[in-house]
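Listed here are the chains, written in short residue letters.
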Amino acid sequence: MTRHPDISGAEKSAKPRRREPSPSFSRRVAMTAAITLPLAAPAGADERDLLTGTAIGPVIRRAPAELVRRSQEAVRAFMRGDVPAYPSFIDVADDFTLMQPFGGEVSRGFNRSPEWARGIAEYFKDGEAAVELVQSYASGDGPGDIAVLVTIEHQHGKVGGLPDQQWPLRVTLVFRRGETDWELVHRHADLTVKRITLEQAAAMARGDWPAAVSASAR
């Protein structure tokens, strides 16, 4: 908790007189208070001058709560291998791009074939997910507007034939508003929910995966 200096005794006299703060002093106080505020401000708050209460910046729009809920349900369906349920929550755009947590090239488009759906259902099994919303943004709620969800997916399941294990991901989702609904246009996920060392990051950047794994085991 930030402690502010006590200035109540800075000036005392038998007949106290009120001093109006100068504009420059007021601005300095406001800037100092803004710096000492917690970094995670309430999601619904806008930016306001701390002395006058007047807005000093645009009100931050948040993604619709219903879109957040649907994206969370879609992740849960995917982790349990319920592919048919996924599109009932999220509409994926034709120009969708994907940055997978396994790395590699950026995937473009969305495979809607029954063969792909069966493959996903075999790849992800018996999983559960709890999605933490870190932050959300939206440019508006009309056609062409963009919404961004910054999330952490706390999940586990059987993936690719491996035994059940934890698969936490840091995920960014980008939606574009169509004529009638939001479409998912981009998903970026990575596995570094837990902090890694510089040496581990360097090994991963070189593609030296065995070294990265052995370093994480120490």
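Relevant structure appears above.
Note that the structure is a prediction, hence the values are computed from the model and not measured.

Asker: If you had to explain the overall build of the chain to someone new, which residues and values would you point to?
Answerer: Within the chain, the regular secondary structure consists of six helices and seven strands. Taken from N to C terminus, the helices and strands of the chain fall in the order α-α-α-β-β-α-β-β-β-β-β-α-α. Here the chain, with 218 residues, has 28% of them falling under the buried criterion. Relative to all contacts within the chain whose residues are 6 or more apart in sequence, the contacts with residues 24 or more apart total 49%. Carbon and sulfur atoms provide 57% of the accessible area of the chain, an area that totals close to 15,000 Å².

Asker: If you had to explain the nonpolar core to someone new, which residues and values would you point to?
Answerer: Counting 22 residues, the largest nonpolar core has Ile90, Ala147, Phe175 and Leu184 as its most contacted members. Residue assignment for this core shows that the elements contributing at least two residues are helix H2 (65-79), helix H3 (86-89), strand E1 (91-99), strand E4 (146-159), strand E6 (169-177) and strand E7 (182-190). Apart from residues no more than four positions distant in its own chain, Phe175 is found in contact with Leu67, Ser71, Ile90, Asp145, Ile146, Ala147, Leu149, Trp182, Glu183, Leu184 and Val185. In this structure, Val75, Ile120, Phe124 and Val159 belong to the second largest nonpolar core, which totals nine residues.

Asker: Break down the pattern of salt bridges for me, with residues and values.
Answerer: The full count for this structure, using the stated rule, is 13 salt bridges. Among the salt bridges present, the one from Arg80 reaches Asp82, with a minimum N-O distance of 3.7 Å. In this structure, Asp94 engages Arg112 in a salt bridge whose closest nitrogen and oxygen atoms are separated by 3.2 Å. Note that Asp94 is positioned in strand E1 and Arg112 in the loop between strand E2 (107-108) and helix H4 (114-123), a separation of 18 residues in sequence. Owing to a relative accessible area of 66%, Asp94 belongs among the exposed residues under this scheme. Connected via shared salt-bridge partners are Asp95, Arg176 and Glu183.

Asker: An account of the pairing of E7 is needed here, citing residue identities and associated values.
Answerer: Across five bridges, E1 lies against E7 in parallel orientation. The residue of E7 that forms the bridge with Met99 is His188. For E6 and E7, the ladder comprises eight bridges, and the chain directions are antiparallel. Across the sheet, residue Leu173 finds its bridge partner in E7, namely Arg187.

Asker: Can you lay out unusual backbone geometry for me, pointing to particular residues and giving the numbers?
Answerer: A positive phi is found at Asp126, a non-glycine position, where the angle reads about 55°. Along the polypeptide, Asp126 turns up in strand E3 (residues 124-138).

Asker: Just give me the short version of the environment of His156, but keep the residues and values in it.
Answerer: Along the polypeptide, His156 turns up in strand E4. Counting along the chain gives 76 residues from His156 to Arg80, while the straight-line C-alpha distance between them is 9.4 Å.

Asker: Outline the pairing of E4, listing residues and values.
Answerer: Two strands pair when backbone bridges link them, and E3 and E4 are joined in this way by twelve bridges, in the antiparallel orientation. Residue pairing for E4: Leu133 is matched across the bridge by Thr151. As judged from the eight bridges shared by E4 and E6, these two strands associate in the antiparallel manner. What sits directly across from Ile152, in E6, is Arg170. Pairing of E4 with strand E5 (residues 165-166), which is carried by two bridges, proceeds in the antiparallel orientation. Opposite His156, over in E5, you have Gln166 as the bridge partner.

Rules of the game
Residues numbered from 1 in each chain as written. Predicted model: local features only at pLDDT ≥ 70, side-chain atom pairs only at ≥ 80, totals over all residues. Heavy atoms only, no water. Helix = DSSP H or I, 4+ residues; strand = E, 2+ residues; numbered from the N terminus. Buried < 20%, exposed > 50% of the residue type's maximum accessible area, 1.4 Å probe, protein only. Contact = heavy atoms within 4.5 Å. Areas by Shrake-Rupley, 256 points an atom, 1.4 Å probe, with all protein chains shown as cover. Core = buried A, V, L, I, M, F, W, Y, C linked by side-chain atoms within 4.5 Å. Salt bridge = Lys/Arg side-chain N within 4 Å of Asp/Glu carboxyl O. Pairing = 2+ DSSP bridges.

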